[in-house]
Amino acid sequence: MLDEAIRQARAGREQSEEDLFEELRIPSVSALPQHRADVRRNADWLAERLERLGLTTTITDVPGGRHPVLQADLLVDQSAPWLTLYGHYDVQPPDPVDQWDSPPFEPTVRDGLVYARGSSDNKGNHMAELKAVEFALAAGGPPVNIRFLIEGEEEITGHALGDYLRQHAERLRTDYVLVWDGGFTDDDEPSLSTGLRGILYVELQATGPAVDLHSGVFGGVAPNPVNTLARVIGELKGRDGRITIPGFYDDVRTPSDEELRAWERGPEYAQLQLEMMGARALEGEEDYPPVQRQWSRPTLDAHGFLSGFTGQGVKTVIPATAMAKVSMRLVPDQDPQRIFERMGPYLDQLTTPGVGITMSLLGATRPVLCGTDHAAARAASAAFEAAFERPVRLERGGGSIPVAIDFQEALGAPMVISGVAQPDARAHSPNERFSLDHYQRGIEMLLRFMYGL
């Protein structure tokens, strides 16, 4: 059965790529209201594909959510285990569009890579899941019961799928969970993630004078929200990379000695990071090697700043308002709610007398740790090695998958976190790209994984 499924997959490679390209043409940007209909269209597109394969499919608008949850079930045998497959069909905004070498929603293949927004995060990954199930069915049916849970809010730290899991935990009971939203290590080896960082994402609004002011007439006495907010953001993190929010590090869990030994990298790792970023130097906490800064240390970064006059020419005003978006990546055992509550009073301390700063929550999720001493992790490791001819490396993921903690707490099943995006996929950046070789091998890996279970 496995051999026939792999034969089917290899014979269907061209169609597998065409199916991926078709989904990549849907601009399912969850963050932008003008793409709300496109996000729904992507959910409908996936549902139609899964229904065509014979899965029982539902699309649910969860109360309080912004985009729907797609569930698709395939019962092959009452006595067989259930495997739940996760993915997300929403994508990041493509901005800045002028930095793309080809249109972000017109997939373009160059040197074995498909360039498109969402190609590596997460459409290439979840389409590999869908195609693996398709080829298993063509070979007589998969050896496990299958449940897809695919969301449209991952990129906006949404809670629709998390709420859905917790509300329907009994009905969604499963034997294994595959969170298929990752990729290979920076050393280009397949990986299983033993943990993911959480996130706290906030928007800061600074207000000063009632209206924009002439900087000559009022300069010297007027509060300036740009100056103040820039200074406040700068003071949230020192030049040494240490975050200054009171109590921020109180709950940070130190990795075990065994983990630290497994993570050891030589100086070539730092050089690789520089090459991938195109940066002059690494920054952050110098007391920790780069891999620890990326996997087990918390961060704080500003993502956008908007205020005043930024057009061509001259307009010397002191603006009335300023806005910035800031996120913190959190590590075990940090609690985003506790840090959010500490930030408000600290912002009041940092601001100037004439500028008020308010903070609103854009998204939050807790970090997650997951073990690898279980059947699903062993099956995934063996499947990766057979499909890619490289051993699996255990790592912590520096990014966040908000719903991972909900899967863990609501369903309690052994969980594997992985994926097949290549290290230089440029997810969230211009010219995002996905290796078609990884896509095809990923389909075969998933087939081996299902039969290995």
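Caption draft 1: Structural context of the overall build of the chain. On a plain count of helices and strands, the chain comes out with 13 helices and 18 strands. Taking 453 residues into account, the globule formula puts the C-alpha radius of gyration at 22 Å, and the chain, at 23 Å, falls close to it. If you line up the chain on its principal axes, its C-alpha atoms span 80 × 50 × 45 Å. Considering the chain as a whole, with its 453 residues, one finds that 52% of them fall into the buried category. Of the contacts made within the chain by residues no fewer than 6 positions apart, 81% connect residues no fewer than 24 positions apart. Computed over 43 positive and 67 negative side-chain charges, the separation of the two mean positions in the chain equals 1 Å.

Caption draft 2: Expanded view of the pattern of salt bridges. The final tally for this structure, using the stated rule, is 33 salt bridges. A salt bridge links Asp38 to Arg41, with the nearest nitrogen and oxygen atoms 3.0 Å apart. One end of the pair is Asp38 and the other is Arg41, both in helix H3 (residues 36-52) and 3 residues apart, which spans about a single turn. By relative accessible area, Arg41 is classed as partly exposed at 41%. Notably, a salt bridge pairs Lys237 with Asp301, separated by 3.7 Å at the nearest N-O pair.

Caption draft 3: Structural view of the packing of helix H5 (residues 160-167) against helix H12 (residues 404-411). Look at H5 against H12: their axes get within 9 Å of each other, and the N-to-C directions meet at 5°. Classified by the angle between their axes, H5 and H12 sit roughly parallel to one another. Taking contact as the criterion, the partners of Leu161, Gly162, Leu165 and Arg166 in H5 are, on H12, Ile405, Asp406, Phe407, Glu409, Ala410 and Leu411. For the contact of H5 with H12, the residue count by class is 6 nonpolar, 1 polar and 3 charged.

Caption draft 4: A look at a nonpolar patch on the surface. Taken together, the side chains of Val217, Phe218 and Val221 make up a nonpolar region of the molecular surface, amounting to roughly 310 Å² of accessible area. Considering the arrangement of structural elements, one finds Phe218 in the loop between strand E10 (213-214) and helix H6 (225-236).

Caption draft 5: Fine view of H3. Spanning 17 residues, H3 covers 25 Å between terminal C-alpha atoms, matching the ideal 24 Å at 1.5 Å per step. The complete set of buried residues in H3 reads Asp38, Val39, Asn42, Ala43, Trp45, Leu46, Ala47, Arg49 and Leu50. Against helix H2 (13-24), strand E1 (56-60), strand E2 (69-74), helix H4 (119-138) and strand E6 (145-151) lie the buried residues of H3. Positioned one or two residues after H3, Gly54 has a phi angle of 100°, which is positive.

Caption draft 6: A look at the side chain of Ser119. Mapping Ser119 onto the fold places it in helix H4. Look at Ser119 and you get buried, because its relative accessible area is 0%. Polar contacts involving the side chain of Ser119 include one to the main-chain carbonyl oxygen of Ala116, which spans 2.9 Å. When sequence neighbours within four positions are dropped, the list of residues in contact with Ser119 reads Leu24, Val114, Gly124, Glu432, Arg433 and Phe434.

Caption draft 7: Unusual backbone geometry, seen in detail. Look at the link from Asp95 to Pro96: it is a cis peptide, with omega at -5°. Summarising the element assignment, Pro96 is placed in the loop between strand E3 (82-88) and strand E4 (108-110). Here the phi dihedral of Asp188 falls at roughly 60°; this positive angle occurs in a residue that is not glycine. One non-glycine residue, Arg426, lies in the positive phi region at around 60°. Among the structural elements, Arg426 can be located in the loop between strand E17 (415-418) and strand E18 (433-435). Judged by its relative accessible area of 38%, Arg426 falls in the partly exposed class.

Caption draft 8: Inspection of the sheet that holds strand E11 (residues 301-307) at higher detail. A sheet is described by the order of its strands in space; here 4 strands give the open sequence E11-E13-E9-E14, paired in antiparallel fashion. One side of each edge strand has no neighbouring strand; the edge strands of this open sheet are E11 and strand E14 (356-365). Averaged over all neighbouring strand pairs, the angle between strand axes comes to 15°, with direction disregarded. Where strand E9 (residues 198-207) meets strand E13 (residues 321-330), 10 bridges bridge the pair, whose relative direction is antiparallel. Across the sheet, Leu200 pairs through a bridge with Met328, a residue of E13.

Caption draft 9: A look at the sheet that holds E4. Taken in spatial order, the 3 strands line up as E4-E5-E18 in an open sheet, and their pairing is antiparallel. The open sheet is flanked by E4 and E18, the only strands paired with a single partner. For this sheet, the mean angle separating the axes of adjacent strands, direction not counted, is 30°. Pairing of strand E5 (residues 113-115) with E18 involves 3 bridges; the strand directions are antiparallel. Each bridged residue has a counterpart across the sheet, and for Tyr115 the counterpart in E18 is Arg433. Lying on the sheet, H4 is in contact with E5 and E18; it crosses E18 at an angle near 40°.

Caption draft 10: Seen up close, the environment of Ser120. The topology assignment puts Ser120 in helix H4. Under the relative-accessibility criterion, Ser120 is labelled buried at 4%. Separated by 57 residues in sequence, Ser120 and Pro63 place their C-alpha atoms 29 Å apart. Residues within four places of Ser120 in sequence aside, it is in contact with Asn125, Ala421, Ala425, Ala427, Glu432, Arg433 and Phe434. For Ser120, the side chain forms a polar contact with the side chain of Glu432, separated by 2.9 Å.

Rules behind the numbers
- Residues numbered from 1 in each chain as written.
- Predicted model: local features only at pLDDT ≥ 70, side-chain atom pairs only at ≥ 80, totals over all residues.
- Heavy atoms only, no water.
- Helix = DSSP H or I, 4+ residues; strand = E, 2+ residues; numbered from the N terminus.
- Rg over C-alpha atoms; globule rule 2.2 N^0.38 Å.
- Buried < 20%, exposed > 50% of the residue type's maximum accessible area, 1.4 Å probe, protein only.
- Contact = heavy atoms within 4.5 Å.
- Lys, Arg positive; Asp, Glu negative; His and termini not counted.
- Charge placed at Lys NZ, Arg CZ, Asp CG, Glu CD.
- Salt bridge = Lys/Arg side-chain N within 4 Å of Asp/Glu carboxyl O.
- Axes fitted to C-alpha atoms, helices over the stretch in contact; angles between N-to-C directions.
- Parallel < 35°, antiparallel > 145°, perpendicular 65-115°, else oblique.
- Nonpolar A, V, L, I, M, F, W, Y, C, P; charged D, E, K, R; others polar.
- Patch = residues over 30% accessible without salt bridge, like charges linked within 9 Å, V, L, I, M, F, W, Y side chains within 5 Å.
- Areas by Shrake-Rupley, 256 points an atom, 1.4 Å probe, with all protein chains shown as cover.
- Expected span 1.5 Å × (residues − 1).
- Polar contact = N/O pair within 3.5 Å; in protein donor to acceptor, adjacent residues only side chain to side chain.
- Pairing = 2+ DSSP bridges.

Coordinates in, geometry out; function isn't part of it.
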